[in-house]
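# A closer look at the structure
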Amino acid sequence: MEPASGSRHAGPAARPAAAAVLPAGGSGERLGGATPKQFCTVHGRPLVSYTVRAMERISWISDIIVVVSPENIETMKTIIQKYGHKRVTVVKGGITRHRSIFNGLKVFAEDEFSKYLLQKPEVVVIHDAVRPFVEEDILLEVVMAAKEHGAAGAIRPLVSTVIASSADGCLDHSLERARYRASEMPQAFLFDIIYQAYQQCTDYDLDYGTECLHLALKYGKTKAKLIEGTADLWKVTYKRDLYAAESIIKDNLSQQVGVITDVKEDVVQVGLLLHESLKSQIQVEAISISLCQNESHLQNMFSGRCYNFIYIHDKQPAFQETHLLVDMLEKSNITLLYPVILISVHLNSSENISFSIGMEELTRNKKFAREVKKKNIWVYDLLIHYKDCLPLQEAVNSAAALIMALIKDRNPELIGQLLVA
C-alpha cells in the first residue's frame, strides 16, 4: 500500500505543484445501511482515511481537500484528528457530485473561502474518496500528462459489453467493446482549465453530469490524455467491496516482519532459524540487540513500513521488555495508520509447559494485551517448546506457521492468547 520511494516517470524537479480534491459526500445508497461507504470501517479504520493517507504520503501533493456533506463535517474532522492526517482541509459539499467538486476547487480561487489560505496549485487531482488503493506511480503519470495536455484521466478496459435498450425494453444495439474504455480515477487538470469549465457549467451539468473530463472538453476545448490504469483503482460501491478492501489491506500488511532477539546465543540461534523458515513467505528484517541499550536501532526499524514484529526471548516473564517495545511502537506513530502486531516469543525446553507459564502470568498477559489494543498494538504470546524428542528446527517451523497465520489473519479475538509451537 505504501509507494516506492521514487517513481519511474519523473524526477523530483519535474513534478508540478499539485493539490487533490476528494469528493466524499455520497450517501452510499448502493452499499445499503445507514453509514455512507466512505465512513464504513475497514479493518478498524474508516475507508476515507485510507484514501487520504494515499494522498498525504506523496510529498508533491501540497493540499488535500475532502468534500463532505454538511452533516458529516464533524465526523471527517474527528477522523483527521484521530489518525493524524496532515495537509487536509474539510469543505462542505453540494447536493451533487459536480457541485461538491466545484466547492472543493473554490477554496483555491474565491474570496469566500479565503479563510483557508491555500495557494492555487498548477495541477489539481480529482479522486474518489472510496478508491483507497491508488499508488504514486499512476498519480504522477496522470498529473504529468495533465501538465502537458491540460487534462488526463485513468481508464480501464470494459469488463462487460455495453448495450442499449429500446422503449419496449428490448435490445436496440450494442457497442463494440474493444473500442471503448471505462473512465476511472484519478483524473488531473491544469487548475485554470477545470475551474473555468466549472464556472461555465449549466445547472443541468452540475446536477446530472458525472464526467469531469467531459467538462474540460465541453467548456475548455481540452482533449484529455487517457492513461491505462491499474486493476487496484476500483471503487468501493457495494457491501462485498468492503470485504474485498479488507482482504487487500490484510495482504498488504502481511508483506514484511521485523524479528528482534536479545543477544543470548540460544535466542539468536532461534532467530536465525526463524528467519530461514519465514523468508520464503515474507520479507524479514532481523536485529539482535539489548533492548535497553539500542533504542535508536529499534526506532529505525519501527519508522519503516513494517506492521509486524516478533520479539524472541528466554525471559519469563518479559514484561519490562514488552512494555519498552510497545512504548517505542507508540512513539513511532505507525500505530495511527494500521494495527501493529507484536508477537512475544518465549523459548522453553523443559518437560512441563505449565511449569514455565503460570495461570497468574497468563491472566496478566491477557489484561496487558487488552489495554495495549487501545493503542492499536495487538500483542500475541507464542511459546516455542522443544526438547530432545522434538528437534528445535521442527519447533521453529511450527512456530513460523503460527506466526504467518497471525500476521495474515490479523484476528483480534486471539489477542492476549498463548499459542504453543
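Conventions used here
Residues numbered from 1 in each chain as written. Predicted model: local features only at pLDDT ≥ 70, side-chain atom pairs only at ≥ 80, totals over all residues. Heavy atoms only, no water. UniProt positions renumbered as here; feature names shortened; annotations may be inferred. Helix = DSSP H or I, 4+ residues; strand = E, 2+ residues; numbered from the N terminus. Buried < 20%, exposed > 50% of the residue type's maximum accessible area, 1.4 Å probe, protein only. Polar contact = N/O pair within 3.5 Å; in protein donor to acceptor, adjacent residues only side chain to side chain. Contact = heavy atoms within 4.5 Å. Pairing = 2+ DSSP bridges. Axes fitted to C-alpha atoms, helices over the stretch in contact; angles between N-to-C directions.

Within an unreviewed UniProt entry, the label attached to the chain reads D-ribitol-5-phosphate cytidylyltransferase, and the organism entered is Dromaius novaehollandiae. Checking UniProt for the chain, the heading Subcellular location (unreviewed entry) contains the comment "Cytoplasm, Cytosol".

Looking now at the side chain of Gln187. Among the secondary structure elements, Gln187 is positioned in strand β10 (residues 181-190). Its relative accessible area of 1% is what places Gln187 among the buried residues. Here Ser183 takes part through its side chain, which lies 3.2 Å from a polar atom of the side chain of Gln187. Excluding residues within four positions of it along the chain, Gln187 makes contact with Val124, Val125, Ile126, Val142, Ala152, Gly153, Glu211, Cys212 and Leu213.

Sheets are built from strands that pair by backbone hydrogen bonding, the pairs being arranged parallel or antiparallel. Read across the sheet, 6 strands follow the order β13-β12-β14-β15-β16-β17 without closing on themselves; strand pairing throughout is parallel. Edge positions in the open sheet fall to β13 (283-288) and β17 (418-420), since each of these has one partner strand only. Taking the axes of each pair of neighbouring strands and ignoring which way they run, one obtains an average angle of 20° across the sheet. Looking at chain direction, strand β15 (residues 340-348) and strand β16 (residues 377-385) are connected through 9 bridges and run parallel. Within β16, the position partnered with Ser344 by the bridge is Asp381. Sitting on the sheet, helix α9 (residues 265-278) touches β12 (256-261), β13, β14 (308-313), β15 and β16, and the angle it makes with β14 is about 145°.

Our next topic: unusual backbone geometry. Cis geometry marks the peptide bond from Met185 to Pro186; its omega dihedral reads 10°. Mapped onto the elements of the fold, Pro186 is located in strand β10. With phi around 60°, Arg87 is a residue other than glycine that occupies positive phi space. Looking at the secondary structure, you find Arg87 in the loop between α2 (73-82) and β5 (88-92). Using a relative accessible area of 33% as the deciding quantity, one classes Arg87 as partly exposed. Of note in this structure, Arg410 is not a glycine but carries a positive phi near 50°. Tracing the chain through its elements places Arg410 in the loop between α14 (392-409) and β17.

One open sheet holds the 7 strands; their spatial order is β5-β4-β1-β6-β10-β7-β11, and the pairing between them is mixed. One side of each edge strand has no neighbouring strand; the edge strands of this open sheet are β5 and β11 (225-228). For this sheet the average axis-to-axis angle between neighbouring strands, irrespective of direction, equals 25°. Summarising the sheet, strand β7 (residues 151-157) and β11 pair through 4 bridges and their orientation is parallel.

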